[in-house]
Amino acid sequence: MSLLGPVEVRVLAEKLNLRPTKKLGQNFVIDGGTVRRIVRVAEVTPQDVAIEIGPGLGSLTLALLPEVAEVVAVEIDPVLAGQLPLTVEQRAPEVAGRLTVVHADALKVGPGDLPAEPTVLVANLPYNVSVPVVLHLLRVLPSLRRGLVMVQAEVADRLAAAPGSRVYGVPSVKAAWYADVRRAGPVGRNVFWPAPNVDSGLVSLVRREPPSTTATREEVFAAVDAAFAQRRKTLRAALASWAGTPAAAEEALVGAGVDPSARGEQLRVEDFARIAEQRPARTP
Ligand code: SAM
């Protein structure tokens with residue numbers, strides 16, 4: 001089995017008359033060392049069913065297939081989705097039977113679209129939708145226990161940020177609802193074709209129990225969205241329309257044991273869960 005290098009990627013791209021688009025975040029990995037590293041850091045096992053989002057020309061897919069029981073690859077681009085089984089059959093026939101390609105938008109897939117229940121997410125994600133894709137998959141695929149994704153460096157920082165950090169925000173809190181998230185190393189831009197104008201980073205996700213709360217996830221996320229919509233404001237002010245009035249916001253915050261003059265960036269997901277429990281009922 002041989003991985004795709006710069007020459008193989010160029011040959012495949014020419015064959016497909018491919019013009020990588022920014023809209024679909026099409027930056028393909030041309031470095032075998034990088035895909036091997038992703039698979040190693042993902043710590044996949046031969047029992048794992050991996051879901052790969054955006055397999056593209058198959059750089060990562062080829063490195064992943066020998067290490068897991070199955071790969072379910074979800075690709076939005078019909079030309080790439082059509083070519084991938086042929087590439088794998090040609091370059092790694094011994095593991096080609098482990099691959100299923102699903103031609104779909106990752107933001108719309110659910111368990112019913114997949115041939116098996118994925119246990120691990122391994123992906124070089126399309127950068128413009130990386131956070132929504134991660135949150136969507138963690139929400140709709142409860143079988144997913146772990147993940148290792150490559151994203152824009154700045155997004156890696158945001159996803160893994162802790163309260164108090166300058167970049168802590170909505171993605172950090174929502175990701176923390178589902179998983180323990182940490183940065184798992186930097187990646188330079190020269191491992192891609194075409195090279196993006198930003199650096200990348202690896203992020204590891206390990207599923208956790210969500211905070212114990214009587215509020216629903218949607219209710220908690222509504223409080224998070226409201227708190228960060230005006231992130232420079234105190235929670236008392238930022239949550240005024242969420243609660244109905246500034247006084248109601250103050251009351252909810254005090255009821256949750258949170259200082260009304262704090263800011264959203266200081267709170268953990270558990271704090272938002274307690275705040276959501278205190279939201280005043282809406283009068284019809
Ligand atoms: N995994 C390949 C690699 O490492 O070389 C390609 C990664 S490239 C950064 C992102 C891939 O995601 C592209 O193949 C693109 O067509 C695909 N893609 C973009 N948006 C998508 C979506 N919403 N659902 C599924 N695939 C998507």
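These figures come from a predicted structure and were not determined experimentally. (Residues numbered from 1 in each chain as written. Predicted model: local features only at pLDDT ≥ 70, side-chain atom pairs only at ≥ 80, totals over all residues.)

(A) Spatial organisation of the UniProt feature "domain: Ribosomal RNA adenine methylase transferase N-terminal" (unreviewed entry) in the protein. Mapped onto the present numbering, the UniProt feature "domain: Ribosomal RNA adenine methylase transferase N-terminal" (unreviewed entry) falls at residues 34-209. Taken end to end, residues 34-209 comprises 32% helix and 27% strand; its first and last C-alpha atoms sit 31 Å apart. (UniProt positions renumbered as here; feature names shortened; annotations may be inferred. Helix = DSSP H or I, 4+ residues; strand = E, 2+ residues; numbered from the N terminus.)

(B) Region of the structure containing the nonpolar core. With 92 residues, the main nonpolar core has Val122, Val203 and Phe272 as its most contacted residues. Looking at which domains feed residues into this core, each of domain 1 (6-207) and domain 2 (217-278) gives three or more. What Phe272 contacts, discounting residues up to four positions off in sequence, is Val173, Val220, Ala223, Val224 and Leu267. (Core = buried A, V, L, I, M, F, W, Y, C linked by C-beta atoms within 7 Å. Buried ≥ 20, exposed ≤ 12 C-beta atoms within 10 Å, placed from the backbone. Domains from an automatic or database assignment. Contact = placed C-beta atoms within 7 Å.)

(C) Quick look at the domain arrangement of the protein. Here the protein is partitioned into domain 1 (6-207) and domain 2 (217-278). Taking only C-alpha atoms, the centre of domain 1 and the centre of domain 2 are 34 Å apart. Listed as interface residues are nine residues of domain 1 and, on the opposing side, 13 residues of domain 2. Residues of the side of domain 1 that touches domain 2, tallied by class, amount to six nonpolar, two polar and one charged. (Nonpolar A, V, L, I, M, F, W, Y, C, P; charged D, E, K, R; others polar.)

(D) Examining the UniProt feature "binding site: S-adenosyl-L-methionine" (unreviewed entry) in the protein more closely. Under the UniProt annotation, the feature "binding site: S-adenosyl-L-methionine" (unreviewed entry) is placed at Asn27, Val29, Gly54, Glu75, Asp105 and Asn124. Residue placement: Asn27 occurs in the loop between helix 1 (6-15) and strand 1 (28-29). In this view, Asn27 contacts Pro20, Phe192, Pro194 and Pro196; residues no more than four positions away in its chain are not counted. Here Asp105 falls in the exposed class, since 12 other C-beta atoms lie within 10 Å of it.

(E) The site of the ligand, seen in detail. Among the 24 residues in the neighbourhood of the ligand, the closest are listed as Gly54, Gly56, Ala106, Asn124 and Pro126. When residues of the shell around the ligand are traced back to their parent elements, those giving at least two are strand 1, helix 3 (59-64) and strand 3 (70-75). Taken together, the residues of the shell around the ligand sort by class into 14 nonpolar, seven polar and three charged. (Near = placed C-beta within 6 Å.)

(F) Looking closely at the environment of Thr213. Structurally, Thr213 can be placed in the loop between strand 9 (200-207) and helix 8 (217-229). Judged by the 17 C-beta atoms lying within 10 Å of it, Thr213 is partly exposed. Note: C-alpha distance between Thr213 and Arg274 (61 residues apart in sequence) is 7.0 Å. Residues contacting Thr213, with those up to four places away along its chain left out, are Val220, Ala273, Ala276 and Glu277.

(G) Highlighting the sheet that holds strand 6 (residues 146-152). Here seven strands make up an open sheet; going across it, the order is 4-3-2-5-6-9-7 and the pairing mixed. Two strands bound the open sheet, and with one partner strand each, they are strand 4 (99-103) and strand 7 (179-187). On average, each strand axis in the sheet is inclined to that of its neighbour by 20 degrees, with strand direction left out of account. Across two bridges, strand 2 (residues 49-53) lies against strand 5 (residues 120-124) in parallel orientation. (Pairing = 2+ DSSP bridges. Axes fitted to C-alpha atoms, helices over the stretch in contact; angles between N-to-C directions.)

(H) Summary view of the pairing of strand 6. When you tally the buried positions in strand 6, you get five out of seven residues, the bulk of the element. Pairing analysis gives five bridges linking strand 5 to strand 6, with the strands arranged parallel. Note on strand 6: the bridge partner recorded for Leu121 is Gly147. Following the chain from strand 5 across helix 5 (residues 130-140) to the adjacent parallel strand 6, one finds a crossover that is right-handed. (Right-handed = clockwise from strand over helix to strand, strands pointing away.)

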